[in-house]
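# Tertiary structure, described
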Amino acid sequence: MNCSYPFKGLGVALVTPFNQDGQIDFDTLARIVENLIEGSVDFLCVLGTTAETPTLTSDERLTVTKFVIKQVNGRIPIMVGCSSNCTATAVEQIKQYQLDGIDGILSAVPFYNKPSQEGVYRHFAEIAKASSKPIILYNVPGRTGINMTAQTTLRIAREFKNVIGVKEASGKMDQIKEIISNAPEHFKVIVGDDSLAMEAIQNGSVGVISVIGNAVPKTFGKLVHLSMEGKFNEAAAIQQQLDPLYGLLFKEGNPCGVKAVMADQNKLQNVMRLPLVPVSDALHNEITKGFAGIKE
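Residue positions are counted from 1 within each chain, in the order its sequence is given. Totals for whole chains, interfaces and linings use every residue, but because this is a predicted model, local features are given only for residues with pLDDT of at least 70 and side-chain atom pairs only at 80 or more, for both listing and counting. The basis for the side-chain values is all heavy atoms of the structure; hydrogens and waters are excluded.

### Describing the environment of G290
Tracing the chain through its elements places G290 in helix α12 (residues 281-291). C-alpha of G290 to C-alpha of G230: the two residues are 60 residues apart in sequence and 28 Å apart in space. A run of DSSP states H or I qualifies as a helix once it reaches four residues; a run of E qualifies as a strand once it reaches two. Both are numbered from the N-terminal end.

Right, here's the structure in full:
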């Protein structure tokens, strides 16, 4: 999608494929990236939750980032995840990244230690000061344990011009609408829940960072792009088809569900790193049946 703002439309939170021995399968990663670009994905999110980033070493994270940058070769924008519940660590990671080829950094609300809203603000203030690249905030209370309020998000957006958006995965449409309605011009909302993509875009979100898009980029991309064009009746027909599938992908953890679909599609081996494991046989059968009717 050709636009001045780099992260509009369908973004995909890229999975990390592994071989049976648990090592990163770079040949498969290259094929996945090509499949997504051919499927008209608008941008990629590398080293997000879906990438099993907590199980990757620092060296692996840098290697994956460099590999994807080289594979993409400037064809679509790339954002890279850089998060920590230690502010100093997050700042140091940003300084260590080789940022050529990266269009933005996705950084999550600090997890586990549950800071106050003032603590969240100060955390992102330090990250904004340290980064030479645009920052996308990531609010995902289901994983971090706290919700970054609309007031805190807007405070950061107004004070730091290099903070250009938020990936909102709170699932709270009222909060999403409040941010959209009151955000400065440079700051956009990207939704982080596939099931809410159409509704969020209808209310002013500029796109989605998707999990299901790894498996069905053309189908989900059509829903997103129709929504971006204001063709909500046509988008709703696709939403109705996909609606029963969103929950299946997260029933036993992410990316366990989407990797099951991709294994069925022969896109990767169904391998995770502990503590994640492949979905149960019963759920895998349910997922296989659910996605059988979707033709890419």
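This is not the end of the story, as more comes after the structure.
### Some points on helix α1 (residues 26-38)
One full turn of an α-helix is made of 3.6 residues, so residues set three or four places apart face in the same direction. If you check α1, its first and last C-alpha atoms are 18 Å apart, about what 13 residues at 1.5 Å a residue would give, namely 18 Å. For α1, the N-terminal cap is D25; the gap from its side-chain oxygen to the backbone nitrogen of D27 is 3.4 Å. Backbone geometry just after α1 places S40 at a positive phi near 70 degrees. The length a helix should cover is 1.5 Å for every residue beyond the first. Between N or O atoms, a polar contact is any pair within 3.5 Å; within protein, one atom must be a potential hydrogen donor and the other a potential acceptor, and residues adjacent in sequence are included only when both atoms are from side chains.

### Some points on the pairing of strand β3 (residues 78-81)
Burial status follows relative accessibility: with a 1.4 Å probe on protein chains alone, a residue under 20% of its type maximum counts as buried, one over 50% as exposed, and anything between as partly exposed. Both faces of β3 are covered, namely the face carrying I78 and V80 and the face carrying M79 and G81. Two strands are counted as paired when DSSP detects at least two bridges linking them. Bridge count for strand β2 (residues 43-46) against β3 is three bridges, and the pairing is parallel. For V46, the partnering residue across the bridge sits in β3 and is V80. When the strands point away from the viewer and the connection leading from the first strand across the helix to the second strand turns clockwise, the crossover is called right-handed. Read from β2 through helix α2 (residues 58-72) to β3, the crossover connection turns out right-handed.

### Re unusual backbone geometry
In this structure, the amide linkage connecting N254 to the following residue, P255, adopts the cis form with an omega of 10 degrees. Inspection of the secondary structure assignment puts P255 in the loop between α10 (232-250) and α11 (256-264). Geometrically, the link from L274 to P275 is a cis peptide bond, its omega value of 15 degrees lying close to zero. The residue P275 is located in the loop between α11 and α12 in this model. A positive phi angle, close to 70 degrees, is found at S40, a residue other than glycine. Despite not being glycine, N266 has its phi angle at roughly 60 degrees, a positive value. Take N266: it is sitting in the loop between α11 and α12.

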